[in-house]
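Summary of the model geometry
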Protein chains: 2
Amino acid sequence: MSRRGLLGLAGAAVGAGVVGAGIGVAADRAIAGATASSAAVYPFYGEHQAGITTPAQDRLHFAAFDVAADLDRAGLIELLHDWTAAAARMTQGRPAGKYGPASGPLDVPPDDTGEALDLPPGGLTLTFGFGPTLFTTADGKDRFGLASKRPEALVDLPHFPGDALIDQLTGGDLCVQACSEDPQVAVHAIRNLSRIAFGRASIRWSQLGFGRTSSTSRSQVTPRNLFGFKDGTANIKSEDTAVVEDQVWAAAKDGAGWMAGGSYLVARKIRMVIETWDRQQLGEQERIVGRDKGEGAPLSGGTEFTEPNFLALAKSGGGTAIDPDSHVRLAHPTSNNGAQLLRRGYNFVDGNDDLGRLNAGLFFIAFQRDPRAQFIPIQTRLAKNDLMNEYLRHVGSAVFAVPPGAREGSYIGAGLFA
Amino acid sequence: MSRRGLLGLAGAAVGAGVVGAGIGVAADRAIAGATASSAAVYPFYGEHQAGITTPAQDRLHFAAFDVAADLDRAGLIELLHDWTAAAARMTQGRPAGKYGPASGPLDVPPDDTGEALDLPPGGLTLTFGFGPTLFTTADGKDRFGLASKRPEALVDLPHFPGDALIDQLTGGDLCVQACSEDPQVAVHAIRNLSRIAFGRASIRWSQLGFGRTSSTSRSQVTPRNLFGFKDGTANIKSEDTAVVEDQVWAAAKDGAGWMAGGSYLVARKIRMVIETWDRQQLGEQERIVGRDKGEGAPLSGGTEFTEPNFLALAKSGGGTAIDPDSHVRLAHPTSNNGAQLLRRGYNFVDGNDDLGRLNAGLFFIAFQRDPRAQFIPIQTRLAKNDLMNEYLRHVGSAVFAVPPGAREGSYIGAGLFA
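Residues numbered from 1 in each chain as written. Chains lettered and ligands numbered in written order. Predicted model: local features only at pLDDT ≥ 70, side-chain atom pairs only at ≥ 80, totals over all residues. Heavy atoms only, no water.

Look at the two chain copies: a rotation about an axis and a shift along it is all it takes to match them. Placing chain A over chain B gives an RMSD of 0.0 Å and needs a rotation angle of 180°, together with 0.0 Å of translation along the axis. Read as a symmetry element, the transformation amounts to a two-fold axis. A shared binding surface is used by both copies, with 97% of the interface residues of chain A retained as interface residues in chain B. (Least-squares fit on C-alpha atoms with pLDDT ≥ 70 in both. Contact = heavy atoms within 4.5 Å.)

Taken together, the contact pairs 72 residues of chain A with 72 residues of chain B. A buried area of about 5,600 Å², summed over both sides, lies between chain A and chain B, and 57% of it is on carbon and sulfur atoms. At the junction of chain A and chain B, the tally comes to 4 salt bridges. A salt bridge links R224 of chain B to D118 of chain A, with the shortest nitrogen-to-oxygen separation between them at 2.7 Å. Counting across the interface, chain A meets chain B through 22 residue pairs in polar contact (both at pLDDT 80 or more). (Buried area = accessible area lost by both parts, 1.4 Å probe. Salt bridge = Lys/Arg side-chain N within 4 Å of Asp/Glu carboxyl O. Polar contact = N/O pair within 3.5 Å; in protein donor to acceptor, adjacent residues only side chain to side chain.)

In the UniProt entry, the feature "domain: Dyp-type peroxidase C-terminal" (unreviewed entry) is given for residues 222-406 of chain A. Helix makes up 19% of residues 222-406 of chain A and strand 22%, whereas the separation of the span's terminal C-alpha atoms amounts to 31 Å. (UniProt positions renumbered as here; feature names shortened; annotations may be inferred. Helix = DSSP H or I, 4+ residues; strand = E, 2+ residues; numbered from the N terminus.)

Residue and element names in this part refer to chain A. With 6 of 6 residues buried, strand β2 (residues 125-130) lies mostly within the body of the structure. What you see with β2 is no split at all: T125, T127 and G129 on one side and L126, F128 and F130 on the other are buried throughout. Where β2 meets strand β3 (residues 174-180), 6 bridges bridge the pair, whose relative direction is antiparallel. Counted as the bridge partner of G129 is C175 from β3. (Buried < 20%, exposed > 50% of the residue type's maximum accessible area, 1.4 Å probe, protein only. Pairing = 2+ DSSP bridges.)

Taken as a whole, this structure holds 44 salt bridges over all chains when the rule is applied. Where D350 of chain B meets K269 of chain B, a salt bridge forms, and the shortest distance between an N and an O atom there is 2.6 Å. You can see D350 of chain B sitting in strand β8 (residues 346-352) and its partner K269 of chain B sitting in strand β6 (residues 263-272), a full 81 residues away along the chain. Put simply, D58, R59 and R212 of chain A are held in one network by salt bridges that share partners.

This next bit is on the packing of helix α2 (residues 73-90) of chain A against helix α4 (residues 183-196) of chain A. Residue and element names in this part refer to chain A. Look at α2 against α4: their axes get within 10 Å of each other, and the N-to-C directions meet at 155°. The orientation of α2 relative to α4 falls into the category roughly antiparallel. Considering the relative orientation of α2 and α4, their crossing is right-handed. Contact residues: α2 offers D82, W83, A86 and M90, while α4 offers H188, A189, N192, L193 and I196. (Axes fitted to C-alpha atoms, helices over the stretch in contact; angles between N-to-C directions. Parallel < 35°, antiparallel > 145°, perpendicular 65-115°, else oblique. Left-handed = near helix turned anticlockwise from the far one by under 90°.)

Taken as a whole and judged by the stated rule, the model has 30 aromatic pairs over all chains. An angle of 10° between the planes, with centres 5.5 Å apart, marks the rings of F62 of chain A and W205 of chain A as stacked. Taken as a pair, F62 of chain A in strand β1 (residues 59-67) and W205 of chain A in strand β4 (residues 201-209) lie far apart in primary sequence, 143 residues in all. The same class applies to F62 of chain A as to W205 of chain A, namely buried. Taken together, the aromatic side chains of F62, W205, F363 and F400 of chain A make up a single cluster linked through ring pairs. In this arrangement the basic side chain of R279 of chain A is found over the ring face of F198 of chain B, its NZ or CZ atom lying 4.2 Å from the centre. The ring centre of F348 of chain B lies 4.8 Å from the NZ or CZ of K269 of chain B, which sits over that ring. (Phe/Tyr/Trp six-rings, centres within 6.5 Å; stacked < 30°, edge-to-face > 60°. Lys NZ or Arg CZ within 6 Å of the ring centre and 35° of its normal.)

Per the UniProt entry, the sites bearing "domain: Dyp-type peroxidase N-terminal" (unreviewed entry) are residues 49-210 of chain A in this numbering. Structurally, residues 49-210 of chain A is divided into 22% helix and 19% strand, and its ends, taken at the C-alpha atoms, are 22 Å apart.

What follows is about the state of the cysteines. Residues and elements named next belong to chain A. Evaluation of the coordinates by the stated rule reveals 0 disulfides over all chains. Note on C175: no disulfide assigned, nearest cysteine sulfur contributed by C179 at a separation of 11 Å. When its relative accessible area of 0% is taken as the criterion, C175 is described as buried. (Disulfide = S-S within 2.5 Å.)

Further remarks concern helix α7 (residues 282-289) of chain A. Residue and element names in this part refer to chain A. By the burial criterion, the buried members of α7 are L282, Q285, E286, I288 and V289. Angular distribution of buried residues about the axis of α7 spans 160°; they occupy a single face of the element. Next to the buried residues of α7 lie α6 (274-277) and α8 (327-331). Following α7 by one or two positions, G290 has its phi on the positive side, about 90°. (Arc of directions from axis to C-beta.)

Next up on the list: the side chain of E181 of chain A. All names here are of chain A. With respect to the helices and strands, E181 occurs in the loop between β3 and α4. Assessed through its relative accessible area of 14%, E181 is described here as buried. Within polar-contact distance, the side chain of E181 engages the backbone nitrogen of D58 at 3.3 Å.

Residues and elements named next belong to chain A. Counting all residues, the mean pLDDT for chain A is 91, and 91% of those residues have values of 70 or more. Counting contacts from residues 1-34, a segment whose pLDDT is below 50, to residues more than four positions away or on other chains yields 69 contacts. For this predicted complex, the interface score ipTM comes out at 0.92, while the overall pTM is 0.92. (pLDDT = per-residue confidence, 0-100.)

The following block contains the structure:
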């Protein structure tokens, strides 16, 4: 009994690695939640890891892991082998192990936990990364003989003005980003990778995201964040191949050869003070963002995808139509020496606090070629002057080197250990 | 600019209140996440509140509220009026207020927060309930002159063996259950109701659920819980109209006349010790549940919907095929004087604990005519003997009287204040 076997054909129909708009796979409500995109299957092996330029799926489960203190280099390699094998299976809509949740011997634990047994593949991607502490621990120890392989671009992020980081939401030796159209498929993947890692690595922190806040393809509409504004209008899109080459993928000439075809992932857990935001007048919200709320057009005029004109004057009152300290201006490439990010963030709500306020916000994820030239200068500028800061609190932070994709028969990160 | 206006036609096509299997509304990927079911619209006004026998939607945001200490009876009625008006709008795919998030005056806060602006209605239902403390506070105070109206069936739940309840996850004066195919639509609804209640009621606890664990219609496949088993095979289905009348809806003759056509909601936050469960052998997992993991058939034989035969003998080893202390036997109507529940629970993951274990489980919701004859005796039996208890921890609990549906022009709970 192979997981999701019934959907093999539908999956194959969109299995070329790209989900376009309006694909002609009928929604099949006999399978809970099955739709064209939930039948999508992305290749696991390849030049790059999936889950970066892949059209951003709707749901996220992200986990940062710490490696057990007693694991050695051979044990770490074995873990990466095991994760690679399970990820290659699960992303293709198959169970984590060869027997699956219900068809193995009765006297051993199942090699898959089963909650995704009847679900379509859901466009699942699993993207793995290596944190700075995998190379050099805080006390300078070279646990796995990897210190000399640490890429210069994998810097520890500096303290930014206003940072309110919580240690338990920050850092990590390893990360796994699970994205899917179905949250149960993403949760199933993280749970099974955690199960497989038992005794070798354990979850340091984790995050569910219920709604994507960026498009990474022109085939997708721009979603909205919890401020109610479109987010990611100016995001790097996978169709912009020259920009992707220049701003997303690390190259051999950048230094660490094993990272060629990889990227650097910055994650930031950003609490939004939504109750205060919701009491702010509409005009002020738009001034802070620099765009209008309905269409998402820059306040200098036009429609959503019109380039903002930061010199255009306001119709009344003097000054520019777009406030110089608005989010759109400070984050714009022209304010940052042309630096851009490929964002892949998600809205989250983690219950509520003791005052009845929703613990809500944006789990920011960005991929880039070099955080020193991209996330760090952009965030430095935003943290100093962005009008939006009054409504934001950065509570978690991490950076990971995301190695290139694995060749079939090899494993994720093999180049690091070569 | 009316929210989701573009999908009006698709919504109307399935607007009769029932989502069937294989409805011919094309998936429209130009709108993020739109599918046949995400275009569904359920009527808000009617004999019963929606969200009970409605085919269980895939995602949940549930919130329990406490009423502010200084709110009086007139203020409570006004809040219910305001919630009714907003709920009637949002469930039909419209913004919470008349202007919406982006089209109102610039110098006042928007009357909708905007994150659902471009999303289809998502089959949103909003179901309201009244907790015991709304009628009589713990110190016996009759805050709103409602003590004499408290239904006898609205009992405080007893302490069950093994309960490990956390006060901040328990109780509440009011509740709102938001169910939708799209989690962002459910979150948007709870957030806006909380915003509208500002200063009058605040969230005491809240819960997101990412995957439904029960079917409430024969048109739905049975989903799986985080033990990897099908859940809710024997659930009350909306098509069983005689059983629904007998077991779900309160009647005038039950006592509290204002509750006729209403129901009683029991919520239990149940942590699952999934890491321990995952190390249990397959045969033992099946013995605990009383069903096989793949098909969900009772261990006495047959297929998923075959009635269990608790007297059938095991093929080997003596004893019955279904363990007398298995979950399926203890929860079965024949073990409980025929009592049944209409379950509408959801899988949840709330991050992880300090040991790297996922905070995962089942947010149990059940509707019934009288908890004294249904949930309480069933849970008493389960709490004492269920083999599954080793892997469960009840950490939150609440009970609410869910009044009948409102007539158009009236408001939810009007009968209580008549």
